[in-house]
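# Overview (structure and organization)
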Amino acid sequence: MATIHLHQTTTATPEQFLAGLTDFGPGRAKIFPNSADGYLKVHDQGPYQADVTEGSNGIWERLHYDWSDPHRITMTTTDSNLWGGRSGHTYTLTPRPDGKTDVDVVVVRDGKNLKGRLLAILVAAGGKRALASALAKTVKAIEARNDQATEGNS
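Read on for an overview of the structure. Each residue is numbered by its place in its chain's sequence as written, counting from 1. Since the coordinates come from a predicted model, pLDDT governs what is reported: local features require at least 70, and pairs of side-chain atoms require 80 or more to be given and counted, while whole-chain, interface and lining totals use all residues. Here the side-chain values reflect all heavy atoms present in the structure, with hydrogen atoms and water set aside.

### Focus: the sheet that holds strand 1 (residues 2-10)
The line we're drawing: For two strands to count as paired, DSSP must find a minimum of two bridges between them. The secondary structure listing takes helices from DSSP runs of H or I that are at least 4 residues long and strands from runs of E that are at least 2 residues long, numbered from the N terminus. Helix axes are fitted only over the stretch in contact, all axes being lines through C-alpha atoms; the angle between N-to-C directions runs from 0 to 180 degrees.
Taken together, 7 strands build an open sheet; the order of strands is 1-7-6-5-4-3-2 and the sheet is antiparallel. A single partner strand is all that each edge strand has here, and the edge strands are strand 1 and strand 2 (41-45). When the angles between neighbouring strand axes are averaged without regard to direction, this sheet yields 20°. Pairing analysis gives 7 bridges linking strand 4 (residues 59-69) to strand 5 (residues 72-80), with the strands arranged antiparallel. Each residue of the ladder has a partner; that of Arg62, found in strand 5, is Asp79.

### A look at helix 1 (residues 14-21)
Inclusion rule: Partly exposed residues are those whose accessible area sits between 20% and 50% of the maximum for their type, while under 20% is buried and over 50% is exposed, using a 1.4 Å probe and protein chains only. The directions considered for the arc run from the helix axis to the C-beta atoms.
The complete set of buried residues in helix 1 reads Pro14, Phe17, Leu18, Gly20 and Leu21. Buried residues of helix 1, seen end-on, are gathered within an arc of 160° and therefore sit on one face of the element.

### Some details on the nonpolar core
Here is the rule: Think of a nonpolar core as a cluster: buried Ala, Val, Leu, Ile, Met, Phe, Trp, Tyr and Cys residues, connected wherever their side-chain atoms sit within 4.5 Å. For this analysis, residues touch if any pair of their heavy atoms sits within 4.5 Å.
One finds Phe17, Tyr65, Ile73 and Tyr91 to be the most contacted residues of the largest nonpolar core, which totals 28 residues. At the level of elements, strand 1, helix 1, strand 3 (49-56), strand 4, strand 5, strand 6 (88-95), strand 7 (101-109) and helix 3 (114-152) are the ones that each hand at least two residues to this core. Looking at this core element by element, the count peaks at 5 residues for helix 3. With residues near it in sequence (within four places) discarded, Tyr65 still touches Leu21, Phe24, Arg28, Tyr48, Gln49, Ala50, Val52, Glu54, Thr74 and Met75.

### Some thoughts on the side chain of His89
Applicable threshold: By the criterion applied in these results, polar contacts are pairs of N or O atoms within 3.5 Å in which, for protein atoms, one can donate a hydrogen and the other can accept it, and in which residues neighboring in sequence qualify only through two side-chain atoms.
On the secondary structure map, His89 appears in strand 6. Separated by 3.3 Å, the side chains of His89 and Arg109 make a polar contact. If we ignore the near neighbours within four places in the chain, the residues touching His89 are Glu61, Leu63, Ile73, Thr74, Met75, Val106, Val107 and Arg109.

### Looking at the pattern of salt bridges
Threshold: Throughout this description, the term salt bridge denotes a Lys or Arg side-chain nitrogen within 4 Å of a carboxyl oxygen of Asp or Glu.
One pass over the full model with this rule turns up 7 salt bridges. The closest approach of N and O atoms between Glu54 and Arg28, which form a salt bridge, is 2.8 Å. With Glu54 in strand 3 and Arg28 in helix 2 (residues 28-31), this pair connects stretches of sequence that are 26 residues apart. Relative accessible area serves as the criterion here: at 8%, Glu54 is assigned to the buried category. The structure contains a network of salt bridges with shared partners spanning Arg96, Asp98 and Asp102.

### Observations regarding the layout of surface pockets
Keep this limit in mind: Using a grid of 1 Å spacing that covers the protein atoms alone, one calls a set of points a cavity when a 1.4 Å probe fits there but cannot get out, and a pocket when the set is open and has protein on both sides within 12 Å along at least five of seven lines; lining residues are those with an atom within 4 Å of a point. Grid points are joined across faces, edges and corners, and a volume is the space filled by probe spheres set on the points. Charged residues are taken to be Asp, Glu, Lys and Arg, nonpolar residues to be Ala, Val, Leu, Ile, Met, Phe, Trp, Tyr, Cys and Pro, and polar residues to be all remaining types, Gly included.
In this structure, the largest pocket encloses a volume near 700 Å³. What lines the largest pocket is a set of 31 residues, among which Asn34, Glu61, His89, Arg109 and Leu131 lie closest to the centre. Elements that contribute at least two residues to the lining of the largest pocket include exactly strand 3, strand 4, strand 6, strand 7 and helix 3. The residue inventory of the lining of the largest pocket, partitioned by class, reads 19 nonpolar, 8 polar and 4 charged. Quantified by volume, the second largest pocket comes out at close to 160 Å³. In terms of lining residues, the second largest pocket is bounded by Asp23, Gly25, Pro26, Gly27, Arg28, Lys30, Ile31, Ala141, Ala144, Arg145 and Gln148. Listing elements by their share of the lining of the second largest pocket, those giving two or more residues are helix 2 and helix 3. Examining the composition of the lining of the second largest pocket, we find that 4 residues originate from one element, helix 3, more than from any other. Here the lining of the second largest pocket is composed, by residue class, of 4 nonpolar, 3 polar and 4 charged.

### A short note on the pairing of strand 3
With 7 of 8 residues buried, strand 3 lies mostly within the body of the structure. As paired elements, strand 2 and strand 3 share 4 bridges and run antiparallel to each other. When the sheet's bridge partners are listed, Val42 is paired in strand 3 with Val52. Hairpin connection, strand 2 to strand 3: the antiparallel pair is bridged by 3 residues. Hairpin connection of strand 3 to strand 4: 2 residues between the antiparallel strands, including Asn57 at a positive phi of 50°.

Pasting the structure below:
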């Protein structure tokens, strides 16, 4: 099992970041590079939760999103072709006095079969760099989305 801790700071507010994280519409891959539109399926969605399948490149997982605490979003893997056990993601959003937001992410990868266990070993060994790069892209995409919304309101 691999557990990766990541940190980024963003100019987005916690509300703006949450809005990007929970936008399950077309074009999700622009915000999350590992979530191809062809894999995306929203099974259920309510005001503070969603049941969504997403993935890319032959890897998919069904996640239960819970944002009942808008500063702590949990995404628990409920089914996957590779991940099981305690797999999932937790995003903690902390507003800063300077108006920015600290984004702390914990990614857990618990392989449920041979391929998943091997990939979890690779993630543990060197996946932090790749996951940090993906998070940086997500942060930039959410910031750009918010910049466009602000320009559209000017």
